[in-house]
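Examination of the molecular architecture
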Amino acid sequence: MTTSVANQSELGFFERLKLHPTGFWFVFWGELAERCSYYGMRTILALYLTTVLAYQKEQGAAIMEFFMGACYIAPLFGGWIADRILGRYKTILYFSVPYIIGHLVLGGIQTRTGLYVALVLLAFGSGSIKPNTSTLMGQIYEEQKKTFLLTEAFSYFYAAINIGAAVSSLSLPLVRDRWGYGVALAIPAALMAVAFIFFAVGKPFYPKENVRALPKKTAEQKQDEKTTLWRLTGVFLLISLFWLVYDQSASTWVYFANDYCNLTLFPGMQITADQVQGLNPVFIVGLTPIFNALWEMWKRRRGGIEVPDTRKMMIGFYIVIGCMAMMAVAGFYGVHAKVSIWWVVIATFVITLSELCISVVGLEFAFKQALPGTKSVVTAAFLFTVFIGDFAGGFVVRLYEKILSPGAYFLFQTVVMVITAIAFAVIARRFEKGETASQVN
């Protein structure tokens, strides 16, 4: 099917889907299964730490934060080895193996020693794969000269992540309650094996790679790379503070819901404290086409000029301030009498709005800003923001209940996000001016 770029807006939804390359769908389904595997395990991990392995809540929250951080420092290694030695496809395939083994160890050896071995394998496997799936997808579009579909492709890619996360996050707590952690933690291993198959079978539709045959980079190219990374540093550092707050939905939010919330969602219908996490990907799947339409509408109002990614992310920072203010109110009320789980549900919806502005847009932003030959590394640098946020969060969560009440703790995070939003507004404005100046020159 051949259609000019100018006529894209006239096509229907299913007609536009047909324009996407075949290779995209192997990446899509592989990513869906891989994220289903990861988020299913992560959803039940917080309560597994406190109920099975007998960690205190602040210890469990710290382990969660450090583990999630480790999953986002490994991309630096995965990005480097893909760019320099293996290429995207082989890196994804090879590092799926420790990933699968890690799941098996976590569910099969339910001791603290087994936990640490499993978490190292899981972080190493999932982290090394992560910067390469989105980069491989982008290369498919570049090779077929379909970059005009990239924004749409990244949104669908992110939807795949969240469809997988929704299915496993909502179902695995129920499996755990009925059959125990052994069975519940074995399912992610099977899901990762499915992801491995999808990634492998799609090989004929991926761009051919021979990174070792690439010519050595000149001194000028290396300097350009350093300049690009330095230019992005301010944006990336502030995004890391978003992750410090956001990823606590898997730790302190779970403990807060478990201890201070009435878990009745509707009359006669209860949910578990960790199931609330499953609502986030459901919201993302539903909101993704709405946000696509909003960005497109905003672009049309600008006379067809793309809305700067930094401006979209700025909106996300404003939204997360409101989210944490809401959690602070719930926290102050909750210490006196249990509050409705709807406080956490609505906060989950609100923080999802900010995620669609910061995370989805940021992933595409990193890909577009990267110079040729550094796509995986720059994508890994973006993912490294999650490591910084989660690593810092591993220390911050020790304030929860030990020093600060839930309300005071969430209020503290609100203040952090207000300061972050102000700083991001300043940096984003300077970044956009710099982009405009470089285009003119």
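All of these numbers come straight from a predicted model, not from anything done at the bench.

1. Side note on the overall build of the chain
- Each helix and strand counted, the chain has 14 helices and 4 strands in total.
- By the compact-globule yardstick of 22 Å for 441 residues, the chain fits well, its C-alpha radius of gyration being 21 Å.
- Residues classed as buried in the chain amount to 57% of the 441 residues present.
- Across the chain, contacts joining residues at least 24 apart in sequence account for 82% of those joining residues at least 6 apart.
- Split by element, the accessible area of the chain, about 18,700 Å² in all, is 67% carbon and sulfur.
- Charged side chains of the chain number 36 positive and 27 negative; the gap between the two group centres comes to 3 Å.

2. As for the packing of helix α2 (residues 22-51) against helix α7 (residues 181-201)
- Where α2 meets α7, the closest approach of the two axes is 8 Å, and the angle between their N-to-C directions is 160 degrees. Accordingly, the angle class assigned to the pair α2 and α7 is roughly antiparallel. By crossing handedness, the relation of α2 to α7 is classed as left-handed.
- Taken together, the residues of the contact of α2 with α7 break down into 20 nonpolar, 3 polar and 2 charged.

3. Describing helix α5 (residues 112-143)
- The end-to-end C-alpha separation of α5 is 47 Å, in line with the 46 Å expected for 32 residues at 1.5 Å each.
- The largest bend along α5 measures about 30 degrees and falls at Lys-130, with the proline Pro-131 one to four residues further on.
- Where α5 terminates, the next one or two residues include Lys-145, which has phi positive at roughly 55 degrees.

4. Some remarks on the pattern of salt bridges
- On inspection of all chains with the given rule, the structure shows 7 salt bridges.
- For Lys-57, the salt bridge goes to Asp-259, with nearest N and O atoms at 2.5 Å. In this pair, Lys-57 sits in helix α3 (residues 57-70) while Asp-259 sits in helix α9 (residues 252-260), placing the two residues 202 residues apart along the sequence.
- Note on Lys-57: relative accessible area 29%, which makes it partly exposed.
- Its relative accessible area of 28% is what places Asp-259 among the partly exposed residues.
- Between Glu-58 and Lys-402 there is a salt bridge; the shortest N-O distance is 3.6 Å. Pair noted here: Glu-58 is in helix α3 and Lys-402 is in the loop between α13 (375-396) and α14 (406-440), with a separation of 344 residues, a long-range link.
- The class of Lys-402 is exposed, set by a relative accessible area of 56%.
- Put simply, Lys-57, Asp-259 and Glu-401 are held in one network by salt bridges that share partners.

5. A look at a nonpolar patch on the surface
- There is a patch of nonpolar side chains on the surface, built from Phe-77, Trp-80, Ile-85 and Phe-124 and spanning about 340 Å² of accessible area.
- A per-element tally of the nonpolar patch places helix α4 (residues 74-108) first, with 3 residues.
- Locating Phe-77 in the fold gives a position in helix α4.
- For Phe-77, a relative accessible area of 35% translates into the label partly exposed.

6. Side note on the state of the cysteines
- All told, the structure shown has 0 disulfides when counted by the stated rule.
- Here Cys-357 is not cross-linked by a disulfide; its sulfur's nearest cysteine counterpart is in Cys-323, at 13 Å.
- Residue classification places Cys-357 among the buried residues on the basis of a relative accessible area of 1%.

7. Here we look at the environment of Phe-384
- Within the fold, Phe-384 resides in helix α13.
- With residues near it in sequence (within four places) discarded, Phe-384 still touches Tyr-72, Ile-73 and Leu-76.

8. Some points on empty space enclosed by the protein
- The final tally for this structure, using the stated rule, is 2 cavities of 30 Å³ or more.
- Each pocket or cavity is described by its volume, and for the largest cavity that value is around 480 Å³.
- Along its surface, the largest cavity is lined by 40 residues, and Tyr-39, Tyr-158, Trp-243, Tyr-246 and Glu-355 are the ones closest to its centre.
- Sorting the residues of the lining of the largest cavity by element identifies α2, α5, α6 (150-179), α8 (219-246), α9, α10 (279-301), α12 (342-369) and α13 as the ones contributing at least two each.
- Class assignment for the residues of the lining of the largest cavity results in 22 nonpolar, 11 polar and 7 charged.
- Estimated volume of the second largest cavity: approximately 110 Å³.
- Lining the second largest cavity, in full, are Thr-151, Phe-154, Ser-155, Thr-288, Phe-291, Asn-292, Trp-295, Lys-312, Leu-356, Val-360, Val-361 and Glu-364.
- A per-class count over the lining of the second largest cavity returns 6 nonpolar, 4 polar and 2 charged.

9. Quick look at the packing of aromatic side chains
- Enumeration over the complete set of coordinates arrives at 33 aromatic pairs.
- A centroid spacing of 5.4 Å and a plane angle of 10 degrees characterise the contact between Phe-26 and Phe-205, whose relative ring orientation is stacked. Linking Phe-26 in helix α2 with Phe-205 in the loop between α7 and α8, this pair joins segments that are 179 residues apart in sequence.
- Between Phe-66 and Phe-395, the aromatic rings sit 5.3 Å apart at their centres with planes inclined by 80 degrees, giving edge-to-face as the arrangement. With Phe-66 in helix α3 and Phe-395 in helix α13, this residue pair connects regions lying 329 residues apart in the sequence.
- Chaining the aromatic ring pairs together yields one cluster made of Phe-24, Trp-25, Phe-28, Trp-29 and Tyr-141.

10. Overview of the side chain of Glu-355
- Here Glu-355 shows up in helix α12.
- Here Glu-355 sits buried without a salt bridge, and the closest side chain of opposite charge, Arg-42, lies 8.1 Å off (N-O distance).
- Once residues within four sequence positions are removed from consideration, Glu-355 is found in contact with Tyr-158, Phe-242, Tyr-246, Asn-280, Ile-284 and Val-360.

11. Quick look at the nonpolar core
- Within the largest apolar cluster, 139 residues are counted, with the highest numbers of intra-cluster contacts made by Phe-67, Ile-239, Phe-256 and Ile-341.
- If we skip the residues at most four places from it in the chain, Ile-341 touches Ala-257, Cys-261, Asn-262, Leu-263, Thr-264, Leu-265, Ile-271 and Val-276.

Cut-offs used in this document
- Residue numbers restart at each chain and count upward from 1, following the sequence in its written direction.
- Totals for whole chains, interfaces and linings use all residues, but because this is a predicted model, local features are given only for residues with pLDDT of at least 70 and pairs of side-chain atoms are given and counted only at 80 or more.
- Computation of side-chain values: all heavy atoms of the structure, hydrogens and water removed.
- A run of DSSP states H or I qualifies as a helix once it reaches four residues; a run of E qualifies as a strand once it reaches two. Both are numbered from the N-terminal end.
- We compute the radius of gyration over the C-alpha atoms and compare it with the globule rule, which gives 2.2 Å times the number of residues raised to the power 0.38.
- Burial here depends on accessible area, computed with a 1.4 Å probe over protein chains only, as a share of the maximum for the residue type. Under 20% is buried, over 50% is exposed, and the range in between is partly exposed.
- Only heavy atoms enter the contact rule, under which two residues are in contact if any of them lie within 4.5 Å.
- The protein chains shown are the only cover counted for residues, whose accessible areas, like all others here, come from Shrake-Rupley with a 1.4 Å probe.
- When charges are counted, Lys and Arg are positive and Asp and Glu negative, with His and the chain ends excluded.
- In this description, the location of a charge corresponds to atom NZ of lysine, CZ of arginine, CG of aspartate or CD of glutamate.
- Axis lines are fitted to C-alpha atoms, over the contacting stretch for helices. Their N-to-C directions set the angle, which ranges from 0 to 180 degrees.
- Here the word oblique covers every angle except those under 35 degrees (roughly parallel), over 145 (roughly antiparallel) and from 65 to 115 (roughly perpendicular).
- Should the near helix be turned anticlockwise from the far one by less than a right angle, the crossing is termed left-handed; should it be turned clockwise, right-handed.
- In this count, Pro and Cys sit with the nonpolar residues alongside Ala, Val, Leu, Ile, Met, Phe, Trp and Tyr, while Asp, Glu, Lys and Arg are called charged and the others, Gly among them, polar.
- Expected helix span is taken as 1.5 Å per residue step, with the number of steps being one fewer than the number of residues.
- The seven residues ending at a residue and the seven starting there each receive a fitted axis; the angle between those axes is the bend at that residue.
- Basic side-chain nitrogens of Lys or Arg form a salt bridge, by our definition, when they fall within 4 Å of a carboxyl oxygen of Asp or Glu.
- Excluding any residue in a salt bridge, patches collect residues exceeding 30% relative accessible area, merging like charges within 9 Å and nonpolar Val, Leu, Ile, Met, Phe, Trp and Tyr side chains within 5 Å.
- A pair of cysteine sulfur atoms is labelled a disulfide when the two atoms are within 2.5 Å.
- Cavity means a closed set of points on a 1 Å grid over the protein atoms alone, one where a 1.4 Å probe fits but cannot get out, pocket means an open set with protein on both sides within 12 Å along at least 5 of 7 lines, and lining means a residue has an atom within 4 Å of a point.
- Grid points are joined across faces, edges and corners, and a volume is the space filled by probe spheres set on the points.
- Stacked, tilted and edge-to-face are the three classes applied to pairs of Phe, Tyr and Trp rings, where Trp contributes its six-membered ring and a pair requires centres within 6.5 Å; stacked means planes under 30 degrees apart, edge-to-face means over 60, and tilted covers the rest.
- Here, nonpolar core refers to any group of buried Ala, Val, Leu, Ile, Met, Phe, Trp, Tyr and Cys residues whose side-chain atoms link them within 4.5 Å.

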